[in-house]
Amino acid sequence: MPRTATVTHPTGAPDRRIRRRLPPAATLGIAVGLLAVVAIASLAIGARQIPFDVVVQAFTAPVPGDPDQVVVRDLRLPRVIIGIMAGAAFGVVAAILQGATRNPLADPGLLGINAGASLAVVTAISFLGVASPFGFIWFAFAGAALAAVVVFLIGSVGGGASPARLALTGAAVTAATTPLITLLLIRDVGTLSQYRFWSVGSLAGRGLETASVLWPFLVGGLVLAAWLAGRMNLLALGDDVARGLGVRLSTTRIVTAVAVIVLAATATSLAGPIALLGLAVAHAARGLVGADYRWLTPLAGVLGAIVLVAADVIGRVVVAPAELEAGIVAAIVGAPVLIALVRRGRGASL
Amino acid sequence: MTAAPLVAPAAAGDPVEVVAGRVAAARSRRRRRAASVLVALTLVALAAAVASMVLGAAGLTVGEVVAALVGQGSPKAEFVVLRLRLPRVVAAIVAGTALGLGGALFQTTLRNALASPDILGVTGGASLAAVGSMLLLGLEGPAVALAAFAGALVVAGLMWGLAWRDGLTGIRFVLVGIGLASIVSGLLGWLLTRAEVREASEALVWMVGGIGSIGWPELATAGGAVVVLLIATALFSPRMPLLSLSDDSARSLGLDATRARVTAILLGVGLVAVATALAGPIAFVALVSAPIARALVGHGQAALAASALTGAAMVLVADLVAQHAFAGVAVPVGIVTGLIGAPYLLWLIARGNRKGSDG
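What counts, and at which threshold
- Residues numbered from 1 in each chain as written.
- Chains lettered and ligands numbered in written order.
- Predicted model: local features only at pLDDT ≥ 70, side-chain atom pairs only at ≥ 80, totals over all residues.
- Heavy atoms only, no water.
- Helix = DSSP H or I, 4+ residues; strand = E, 2+ residues; numbered from the N terminus.
- Buried < 20%, exposed > 50% of the residue type's maximum accessible area, 1.4 Å probe, protein only.
- Contact = heavy atoms within 4.5 Å.
- Buried area = accessible area lost by both parts, 1.4 Å probe.
- Salt bridge = Lys/Arg side-chain N within 4 Å of Asp/Glu carboxyl O.
- Polar contact = N/O pair within 3.5 Å; in protein donor to acceptor, adjacent residues only side chain to side chain.
- Nonpolar A, V, L, I, M, F, W, Y, C, P; charged D, E, K, R; others polar.
- Phe/Tyr/Trp six-rings, centres within 6.5 Å; stacked < 30°, edge-to-face > 60°.
- Expected span 1.5 Å × (residues − 1).
- Bend = angle between axes of the 7 residues up to and from the residue.
- pLDDT = per-residue confidence, 0-100.
- Core = buried A, V, L, I, M, F, W, Y, C linked by side-chain atoms within 4.5 Å.
- Patch = residues over 30% accessible without salt bridge, like charges linked within 9 Å, V, L, I, M, F, W, Y side chains within 5 Å.
- Areas by Shrake-Rupley, 256 points an atom, 1.4 Å probe, with all protein chains shown as cover.
- Axes fitted to C-alpha atoms, helices over the stretch in contact; angles between N-to-C directions.
- Parallel < 35°, antiparallel > 145°, perpendicular 65-115°, else oblique.
- Left-handed = near helix turned anticlockwise from the far one by under 90°.
- Lys, Arg positive; Asp, Glu negative; His and termini not counted.
- Charge placed at Lys NZ, Arg CZ, Asp CG, Glu CD.

Regarding the overall build of chain B
In step 1: Secondary structure summary: chain B contains 13 helices and zero strands in total.
In step 2: When its helices and strands are written in sequence order, chain B yields α-α-α-α-α-α-α-α-α-α-α-α-α.
In step 3: When the 359 residues of chain B are sorted by exposure, 52% land in the buried category.
In step 4: Expressed as a percentage of contacts within chain B between residues at least 6 apart in sequence, the contacts between residues at least 24 apart total 73%.

What follows is the structure in structure tokens.
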């Protein structure tokens with residue numbers, strides 16, 4: 001059943017490239033394996049040279065106070081966990097958004113959600129003197145959620161939120177918010193000096209406390225996403241057909257909105273407003289398993305986690321002993337992947 | 001579309017003529033609406049330009065301003081009017097027109113409201129080149145403008161080269177553009193986090209766009225280029241309807257949309273590059289002008305002239321607000337353009353929803 005959705009190309013013509021795809025389950029399995037490799041690499045690689053057996057011992061035979069083990073357990077492990085959580089949230093939310101808005105460009109960054117989170121964080125730094133990534137999370141969360149609510153409300157005043165309108169509303173909200181952010185930043189150099197490091201997106205300095213307060217939101221959002229996946233397949237046939245097949249459009253829209261708000265806010269408060277990551281992995285997932293959202297959504301999540309954790313590792317290696325923030329690496333490394341996918345003609349059609 | 005009552009008085013008996021009469025009436029109504037929108041936008045732009053000429057710290061009267069404009073004013077008035085205020089107004093018109101029209105060309109050609117040069121990385125390329133030249137090479141003034149111009153063209157060229165495959169289809173071009181925009185913003189983030197914080201702040205000011213300190217030589221160059229591009233766009237505009245067809249429908253009608261698309265995008269890139277070199281990437285003018293114009297004119301049309309006028313009016317009004325609304329603080333115009341353009345666009349979207357038409 002899952003594979004029937006991938007046999008014919010949207011234009012109706014059989015497509016050789018699509019026929020050569022691996023079964024979706026195998027693709028997802030390989031992706032999970034790759035994620036494990038990347039996660040282990042992230043534990044083992046860094047500015048401080050730590051032998052691999054010491055990395056293993058940090059978990060199998062913990063010695064409190066051993067400096068190498070402390071680095072692995074207290075500095076590297078939180079980054080892996082936060083990277084996986086945030087990356088998965090970015091990937092899943094983009095997959096849902098692209099399905100719900102039927103716009104291949106939908107991404108938390110383009111729907112005004114990142115801008116809302118950024119405005120809240122700048123306000124917190126500028127007026128309330130908040131100074132740590134942990135202090136930012138609730139502001140980022142509230143800002144992202146508020147922006148998403150505004151986008152969904154305005155986009156659907158007086159009847160269904162048409163995909164085009166939703167996208168345009170998101171762009172308008174970004175356009176309204178960004179100037180305020182800039183205004184606060186150029187008024188006060190101190191705010192800029194803190195904000196610029198948050199805004200590029202990073203996994204450093206977050207600590208497990210961030211993950212420990214946000215995981216319930218992530219789990220809740222993922223459960224909603226799982227519930228939505230099957231319905232997305234029907235929605236892709238058009239609103240009327242979906243309604244005819246028994247999908248309740250209003251319920252589905254509300255659940256979509258809630259899932260998007262929760263996941264986007266979680267991702268942004270974990271790692272900062274990383275643009276494109278979700279968009280790129282959702283397209284990659286579409287290219288790998290086709291348009292079946294039951295496979296596409298989880299694969300987008302796993303790919304998001306891989307890319308973000310890998311970007312973090314790369315950022316630690318290329319300019320060692322300094323670091324390049326994961327968000328910058330993800331943007332610079334993720335974009336060529338997206339472009340390559342697009343050039344090969346995959347993933348562009350919804 | 002409401003049916004027009006009593007539009008074909010002579011043809012009471014003939015259904016064909018009744019329909020033809022109604023179609024003609026609907027067309028002329030639409031044309032009248034488009035014309036009145038153009039007139040209204042021109043009036044708004046004029047009013048803002050006049051206010052911008054008259055208001056200011058120098059405390060000149062209207063008479064003194066007019067006298068200075070025709071060369072009869074006091075030296076002080078002439079300096080304020082001809083060296084400070086008039087260049088500002090002209091720069092606002094040139095940059096606003098170019099960005100509004102450039103954005104409209106992009107969005108129409110790529111058939112996606114999100115596909116504006118801001119989001120596709122063209123203005124981002126300009127920012128990256130300009131900020132890089134400021135932070136890494138320590139350049140200033142015209143050199144930065146030149147770098148911005150080159151940056152916009154380089155990103156557009158890359159987008160072109162990477163997206164081209166037996167023609168130019170909308171969605172591939174847009175996705176490549178988004179990819180490039182993200183590389184550019186990653187590199188910009190890297191530059192800004194590594195720079196000394198005061199320099200980063202200055203770069204940020206350039207990046208929102210401003211028209212405060214533009215002299216006549218730059219204006220003449222940019223203005224001339226924009227006029228040439230405007231004329232080219234006007235000559236090209238009869239072919240615009242072709243762009244609103246999907247690839248498949250164009251092909252099935254036996255038309256080749258590629259050449260029209262290439263022309264439209266080239267014109268758009270040229271306009272945006274010139275405007276950005278002149279005034280910095282004045283935020284969101286390119287993104288919101290065309291949707292506003294299209295909502296005002298009514299749907300189904302590219303509304304190029306209205307988009308250009310919307311851009312000009314928006315920058316003029318925004319500059320007026322930027323100069324006078326923030327008690328004593330000179331705010332770059334790019335901060336205000338988003339602040340006034342975006343809520344207006346949101347309002348139009350919400351209103352369009354209620355009427356059931358497409359925002």
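Overview of the interface of chain B and chain A
In step 1: If you look at the interface, chain B gives 56 residues, while chain A gives 51 residues.
In step 2: Interface area for chain B against chain A, summed over the two sides, is near 4400 Å², with a carbon-plus-sulfur share of 77%.
In step 3: Run the count over chain B and chain A and you get one salt bridge.
In step 4: Across the pair E325 of chain A and R194 of chain B runs a salt bridge whose closest N-O atoms are separated by 3.0 Å.
In step 5: Counting across the chain B and chain A interface gives five residue pairs in polar contact (both at pLDDT 80 or more).
In step 6: The set of elements that each furnish at least two residues to the side of chain B that touches chain A consists of α5 (142–163), α6 (170–194), α7 (197–208), α11 (285–297) and α13 (333–355) of chain B.
In step 7: For the side of chain B that touches chain A, the element with the highest residue contribution is α6 of chain B, accounting for 17 residues.
In step 8: Taken together, the residues that form the side of chain B that touches chain A break down as 37 nonpolar, twelve polar and seven charged.

A few points about the packing of aromatic side chains
Two descriptors summarise a pair of aromatic rings, namely the distance from one centre to the other and the angle between the planes of the rings.
All names here are of chain A.
In step 1: Scanning the entire structure with this criterion turns up five aromatic pairs over all chains.
In step 2: Pairing F141 with F217 gives two aromatic rings, centres 4.7 Å apart and planes at 55°, and the pair type is tilted. Highlighted residues: F141 in helix α7 (residues 133–155) and F217 in helix α10 (residues 207–235), separated in sequence by 76 residues.
In step 3: Looking at F217, the relative accessible area reads 29%, which means it is partly exposed.
In step 4: Geometrically, the ring pair formed by Y195 and W198 is tilted, given 6.1 Å between the ring centres and 40° between the ring planes. Of this pair, Y195 and W198 both sit in helix α9 (residues 189–199), separated by three residues, roughly a single helical turn.
In step 5: Taking relative accessible area as the criterion, Y195 reaches 9% and is therefore assigned buried.
In step 6: Judged by its relative accessible area of 4%, W198 is buried.

Brief notes about helix α15 (residues 326–343) of chain A
Residues and elements named next belong to chain A.
In step 1: The terminal C-alpha atoms of α15, which comprises 18 residues, lie 25 Å apart, in line with the 26 Å expected from a rise of 1.5 Å per residue.
In step 2: Along α15, the sharpest change in direction is near 25° and occurs at G334; proline P336 comes one to four residues later.
In step 3: Those residues of α15 that fall on the buried side of the exposure criterion are A326, G327, I328, V329, A330, A331, G334, A335, L338, I339, L341 and V342.

So, the confidence of the model for chain A
Residues and elements named next belong to chain A.
In step 1: On average, residues of chain A score 81 in pLDDT, and 89% of them reach the 70 mark or higher.
In step 2: Mean pLDDT across the elements of chain A ranges from a minimum in helix α1 (residues 4–7), with 40, to a maximum in helix α14 (residues 293–318), with 91.
In step 3: Contacts of residues 1–18 to residues separated by more than four positions or lying in other chains number 18 contacts, the stretch itself having pLDDT below 50.
In step 4: This model gives residues 346–350 a pLDDT under 50, and the stretch forms 16 contacts once residues within four places in sequence are excluded.

Regarding the nonpolar core
In step 1: Counting residues in hydrophobic clusters, the biggest one holds 207 residues, and the most contacted among them are I96 of chain A together with F106, I211 and I282 of chain B.
In step 2: Of the residues forming this core, the biggest block, 15 residues, is contributed by helix α3 (residues 75–110) of chain B.
In step 3: For I282 of chain B, the contacting residues outside a window of four places in its chain are A95, L99, V208, G209, I211, V315, V333, G334 and T337 of chain B.
In step 4: Residues A39, I50, A58 and V72 of chain A belong to the second largest nonpolar core, which totals ten residues.

Some thoughts on a nonpolar patch on the surface
Residues and elements named next belong to chain A.
In step 1: Together, I314, V318, V319 and V333 line one region of the surface with nonpolar side chains, adding up to about 290 Å² of accessible area.
In step 2: One can find I314 in helix α14.
In step 3: A residue is classified by how much of its surface remains accessible, and I314, at 34% relative accessible area, is partly exposed.

Side note on the pattern of salt bridges
In step 1: Applying the stated criterion across every chain yields a total of seven salt bridges over all chains.
In step 2: In this structure, R294 of chain A engages D292 of chain A in a salt bridge whose closest nitrogen and oxygen atoms are separated by 3.1 Å.
In step 3: When the shortest N-O distance is used, the salt bridge between R88 of chain B and D319 of chain B registers 2.8 Å. Of this pair, R88 of chain B sits in helix α3 while D319 of chain B sits in helix α12 (residues 304–324), and the two are 231 residues apart along the sequence. For the residue pair R88 of chain B and D319 of chain B, the accessibility class agrees, reading buried in each case.
In step 4: Shared partners join several salt bridges into a network, and the residues in it are R79, D312, R316 and E323 of chain A.

A few points about the environment of L119 of chain A
In step 1: Among the secondary structure elements, L119 of chain A is positioned in helix α6 (residues 113–128).
In step 2: When the C-alpha atoms of L119 of chain A and A265 of chain A are compared, they prove to be 13 Å apart, with 146 residues separating the residues in sequence.

Side note on the packing of helix α3 (residues 24–44) of chain A against α14 of chain A
Residue and element names in this part refer to chain A.
In step 1: Remark: α3 packs on α14, axes separated minimally by 9 Å, with the N-to-C direction vectors making an angle of 25°. Relative to α14, the element α3 is oriented roughly parallel. Crossing angle aside, the handedness with which α3 passes α14 is left-handed. Of the residues in α14, those touching α3 at P24, A25, T27, L28, A31, V32, L34, L35, V38, A39, A41 and S42 are W295, P298, L299, V302, L303, A305, I306, V309, A310, D312, V313 and R316.

A look at helix α12 (residues 249–271) of chain A
All names here are of chain A.
In step 1: Counted at 1.5 Å a residue, the expected span for α12 with its 23 residues is 33 Å, and the 32 Å between its end C-alpha atoms agrees.
In step 2: Burial analysis of α12 places 18 of its 23 residues in the buried class, which makes it a mostly covered element.
In step 3: Immediately downstream of α12, the backbone of G272 shows phi near 95°, a positive value.

A word on the side chain of T108 of chain B
Residue and element names in this part refer to chain B.
In step 1: Position of T108 relative to the elements: it lies in helix α3.
In step 2: For T108, a relative accessible area of 10% puts it in the buried group.
In step 3: From its side chain, T108 meets the backbone oxygen of A104 in a polar contact 2.6 Å long.

Digging into a negative patch on the surface
In step 1: On the surface, a cluster of negative charge is made up of E140, E196, E199 and E202 of chain B.
In step 2: One can find E196 of chain B in the loop between α6 and α7.

Quick look at the environment of L339 of chain B
In step 1: Checked against the element boundaries, L339 of chain B lands in helix α13.
In step 2: Overall, L339 of chain B belongs to the partly exposed group, its relative accessible area being 24%.
In step 3: Leaving out residues up to four positions away in the same chain, L339 of chain B has contacts with A175, A176, P179 and L180 of chain A.

Some remarks on the packing of helix α13 (residues 277–289) of chain A against α14 of chain A
The geometry of a pair of packed helices is captured by two quantities: the angle between their axes and the separation between those axes.
Residue and element names in this part refer to chain A.
In step 1: Following both chains from N to C, one finds α13 and α14 inclined at 130°, their axes separated by 8 Å at the closest point. Compared by their axis directions, α13 and α14 come out oblique. Crossing of α13 against α14: the hand is right-handed. Mapping the contact onto sequence places L277, V281, A282, A284, A285, R286, L288 and V289 in α13 and Y293, W295, L296, L299, A300, L303, G304, V307 and L308 in α14.
In step 2: Looking at the contact of α13 with α14 residue by residue, the class counts come to 15 nonpolar, one polar and one charged.

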